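What follows is each chain in one-letter form.
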Amino acid sequence: MTAGGYEQSIGRGVVAPAGIGGRAVARFIDWIIAGIIGGVLFWLLDRVADVPGWISILPGAGFGFLYFVLFEVATGSTPGKKVLGLHVNGAGGAAKPNVKESALRNAYMLLNLIPWIGGILWFFAAIGIAVTVSASSTKQGWHDNIAGGTQVVKG
């Protein structure tokens, strides 16, 4: 431990936990990327399938969930995190989360699948993440703890 207990040595050398600001910017970048890809896919779904518009947008939350899980499991970083030099460590300091850890870490995103109130539930979950990340000396949110102790780090 160095620098007031905020840096720690985990497998790949000394790493520092990422704060809420960088994580929020990375998430915003990822929303833009996922939104563009998802928008095109769901526009095509709406054109091909004969379903009401509100149904064709429901897979969006599932797509966003898969976007985060696939990138975290494959590389340890989403494109937004890569741009900002952030990385998701798996439980116990593993180089990246496994499928279960990443799915648990991002499960709150699936709240958007609940019609009418899902967005509100998601909003409160996101606020809870921001508060718990900010209050934690290791900068881990409740979603990181549920996932066995995953951690977003700089570098």
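Check the entry above for the structure.
Throughout what follows, the structure given in this document is the object of discussion. (Residues numbered from 1 in each chain as written. Predicted model: local features only at pLDDT ≥ 70, side-chain atom pairs only at ≥ 80, totals over all residues. Heavy atoms only, no water.)

If you walk through the whole model with that rule in mind, you get 5 aromatic pairs. Ring plane angle 65° and centroid distance 5.0 Å describe the contact between Tyr 67 and Phe 71, whose orientation is recorded as edge-to-face. Taken as a pair, Tyr 67 and Phe 71 lie in helix α3 (residues 59-75) at a separation of 4 residues, close to a single helical turn. Aromatic side chains Phe 123 and Phe 124 sit 5.8 Å apart centroid to centroid with 70° between the ring planes, which places their arrangement in the edge-to-face category. An aromatic cluster of three or more residues is present, and its members are Tyr 67, Phe 68 and Phe 71. (Phe/Tyr/Trp six-rings, centres within 6.5 Å; stacked < 30°, edge-to-face > 60°. Helix = DSSP H or I, 4+ residues; strand = E, 2+ residues; numbered from the N terminus.)

Taken together, the buried positions of helix α5 (residues 99-106) are occupied by Glu 101, Ser 102, Arg 105 and Asn 106. Considered in projection along α5, the buried side chains sweep an arc of 115° and stay on one side of the axis. Facing away from the buried side of α5 by over 90 degrees, the exposed positions are Val 99 and Lys 100. For α5, the side-chain oxygen to backbone nitrogen distance between the N-cap and Lys 100 is 3.1 Å, and the N-cap itself is Asn 98. (Buried < 20%, exposed > 50% of the residue type's maximum accessible area, 1.4 Å probe, protein only. Arc of directions from axis to C-beta. Polar contact = N/O pair within 3.5 Å; in protein donor to acceptor, adjacent residues only side chain to side chain.)

For the rest of this paragraph, the subject is unusual backbone geometry. Of note in the backbone geometry, Lys 139 takes a positive phi value of approximately 60° without being a glycine. With respect to the secondary-structure elements, Lys 139 resides in the loop between α6 (118-135) and α7 (142-146).

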